Each structure stands twice: as C-alpha cells, then as structure tokens.
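The lines below spell out each chain.
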Amino acid sequence: MSVTLRFDGIIQAKNRTIMLVGAGATGSWFAAMAAKQGYDIIAIDDDKLMIHNIGTSIYNDPADIGKYKVEVLQKMIGSNVIAIPEKFSKKHLDEWGEYVDLIVSAVDNMEARKQIADAAEEYFKPLIDMRVHYPYAMIYVVEGRPSAVRKFRETLYSDDEAWEGECTRQNTPFLAAMAASIALKYASFQIRGYAVAALDVEKMMMTEAREE
C-alpha cells in the first residue's frame with residue numbers, strides 16, 4: 001500500500017517546530033492539524049483534563065480526566081509532540097528557542113499573552129495568538145520583529161477587563177477548530193517567511209456565530 005503525503009513539499013513542514021502554549025480547545029485542535037502536516041510541536045500547559053474539556057477539544061477518553069492535557073495530547077498525536085506539563089515562562093525558550101520557528105498562543109488569559117509576547121520579542125520569534133470565546137474568534141499574526149510585537153501589545157488589556165462568557169457552549173468546538181485551521185494557514189506563511197502585517201491581523205478573521 002502506498003501513502004500519498006499531500007502536504008509534503010507544499011508547506012515544508014518537516015523539521016519545523018512550533019511552540020504551542022495552551023492545550024485546551026483551540027490548542028488541541030491546532031496541534032492535531034499541525035501534526036498531520038508534519039510539524040513538530042512543543043506543547044506547554046500545566047492544566048489537567050477536566051470533564052468539560054471532553055466536549056470542546058479533541059480529547060475523547062474519560063479515562064484521561066485528571067491527567068495533564070499535554071501528556072494526553074502526546075499520547076493521542078504521537079512522537080512529534082514534546083509534552084511539557086508546566087506553566088509557560090521564558091525559560092522554555094531559553095531551553096528550546098534554537099529549535100522553535102514559531103510560537104502559537106492558545107491561552108485563556110491576558111497575563112499569559114503578555115508573557116508570551118515578551119518572550120517572542122526577546123527571541124525574535126513570530127507569534128500567532130488565537131482568541132476564541134463564544135461567539136467570537138480572532139487571530140493575531142505577529143512577525144518576529146520587536147516593532148511588530150510592540151504593536152501586538154496594543155491589543156492586550158488586563159484580565160479584569162476581559163469579558164466573561166461561557167466557554168462550554170455547544171458551538172465552541174466548531175469555532176475553536178475553525179480558528180485553529182486558519183491559524184495553521186498563517187503559521188505556514190510565517191515559517192516560509194511571507195510577511196503578514198500585525199496591523200491587518202484583526203481583519204483576517206472575526207467570526208460571529210449566533211443562535212437564533
């Protein structure tokens with residue numbers, strides 16, 4: 001039996017590494033799709049799987065509840081995932097930075113985004129930030145230049161100002177998967193060196209799904 005690798009040579013994903021911070025709804029969908037395209041993934045998250053995650057992410061086995069999400073992700077996806085069950089900090093780029101082509105943020109709070117932005121600026125790494133909160137999703141794509149990261153910081157605010165909505169709505173997994181797939185498209189742009197202006201990011205995707 002022959003296997004056709006449809007993406008081989010198209011996005012040049014082999015020997016390319018993405019540091020994924022956050023392995024919840026958007027992060028897990030992103031990891032699953034990125035792995036199919038051949039990316040290596042360094043997944044960082046100190047959260048453990050809870051029952052409500054089964055309905056919003058790629059996780060599907062109740063027996064995994066209570067285990068670290070990144071370790072379950074590694075078990076499900078395979079050997080091209082390095083699982084780091086820790087809270088993200090700059091030390092992870094100190095250790096892995098030379099291998100990382102892109103940072104993808106799939107976190108659920110602004111303080112973590114600020115830390116990721118600081119690390120991206122210090123190490124000149126391109127950054128993609130996914131924000132999904134039903135019924136909205138936004139993606140920010142930031143070039144690996146300090147000036148682009150500084151512009152990205154203008155989109156950040158305090159967690160006290162964040163809108164508190166439901167993260168377990170029925171449509172959340174569909175919105176998360178769609179956001180992850182579009183983020184992966186722009187990940188390939190960044191890794192291949194195509195310029196994507198941070199100023200234009202919020203226009204790339206802003207999806208609103210409303211129930212009648």
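Remember, predicted model here, so these are calculated numbers, not experimental data.

**Student:** What should I look at first to understand the overall build of the protein in this one?
**Tutor:** The number of helices and strands found in the protein is 8 helices and 7 strands. Counting only residues that meet the buried cut, the protein has 45% of its 212 residues in that class. Here the protein has roughly 11,100 Å² of accessible surface; of this, 50% comes from carbon and sulfur atoms.

**Student:** What's the story with the pattern of salt bridges in this structure? I'm lost.
**Tutor:** Side chains that differ in sign of charge can pair as their charged atoms come close. Scanning all chains against the criterion turns up 13 salt bridges. Here D94 ties to K90 by a salt bridge, and the two come within 3.3 Å at their closest N and O atoms. You can call D94 partly exposed: its relative accessible area is 45%. The exposure class of K90 is partly exposed, given its relative accessible area of 35%. The closest approach of N and O atoms between R131 and D129, which form a salt bridge, is 2.6 Å. For the pair R131 and D129, one class covers both residues: buried. Residues joined in a network through salt bridges with shared partners are D118, E121, R150 and R153.

**Student:** So what exactly am I meant to see when it comes to the environment of E111 here?
**Tutor:** Mapped onto the elements, E111 comes out in helix α5 (residues 110–123). Sequence spacing of E111 and S158 is 47 residues, and the spatial spacing of their C-alpha atoms is 7.2 Å.

**Student:** Help me understand the nonpolar core, please; the structure alone is not making it clear to me.
**Tutor:** With 31 residues, the main nonpolar core has F30, I41, V104 and I128 as its most contacted residues. Looking at which element gives the most residues to this core, the answer is helix α7 (residues 172–191), with 6 residues. Excluding residues within four positions of it along the chain, F30 makes contact with I18, L20, V104, M130, A180, A183, L184 and A187.

**Student:** Where do I start with the pairing of strand β2 (residues 40–44) in this structure?
**Tutor:** On a regular strand, one side chain projects to one face of the sheet and the next to the other, so that they alternate. Taken across its 5 residues, β2 has 4 buried, putting it largely inside the fold. Considered for its hand, the β-α-β crossover made up of strand β1 (residues 17–21), helix α1 (residues 25–36) and β2 is right-handed. The sheet contact formed by β2 and strand β3 (residues 81–84) spans 4 bridges and is parallel. The partner of I41 across the bridge, within β3, is V81.

**Student:** Looking at this structure, I do not really get the side chain of R113. What am I missing?
**Tutor:** Examined against the element boundaries, R113 turns out to sit in helix α5. If sequence neighbours within four positions are ignored, R113 has contacts with S105, V107, D108, D129, M130, R131 and L156.

**Student:** It is not clear to me how the packing of aromatic side chains should be interpreted in this structure. Could you clarify?
**Tutor:** The geometry of two aromatic rings is summed up by the distance between their centres and the angle between their planes. Applying the stated criterion across every chain, the model contains 2 aromatic pairs. Seen in terms of ring centroids, Y140 and F152 are 6.0 Å apart; in terms of plane orientation they differ by 65°. Their pairing is edge-to-face. Highlighted residues: Y140 in strand β6 (residues 136–142) and F152 in helix α6 (residues 146–153), separated in sequence by 12 residues. Comparing Y140 with F152 shows no difference in burial state: the two are buried.

Reading the values: rules and limits
Residues numbered from 1 in each chain as written. Predicted model: local features only at pLDDT ≥ 70, side-chain atom pairs only at ≥ 80, totals over all residues. Heavy atoms only, no water. Helix = DSSP H or I, 4+ residues; strand = E, 2+ residues; numbered from the N terminus. Buried < 20%, exposed > 50% of the residue type's maximum accessible area, 1.4 Å probe, protein only. Areas by Shrake-Rupley, 256 points an atom, 1.4 Å probe, with all protein chains shown as cover. Salt bridge = Lys/Arg side-chain N within 4 Å of Asp/Glu carboxyl O. Core = buried A, V, L, I, M, F, W, Y, C linked by side-chain atoms within 4.5 Å. Contact = heavy atoms within 4.5 Å. Right-handed = clockwise from strand over helix to strand, strands pointing away. Pairing = 2+ DSSP bridges. Phe/Tyr/Trp six-rings, centres within 6.5 Å; stacked < 30°, edge-to-face > 60°.

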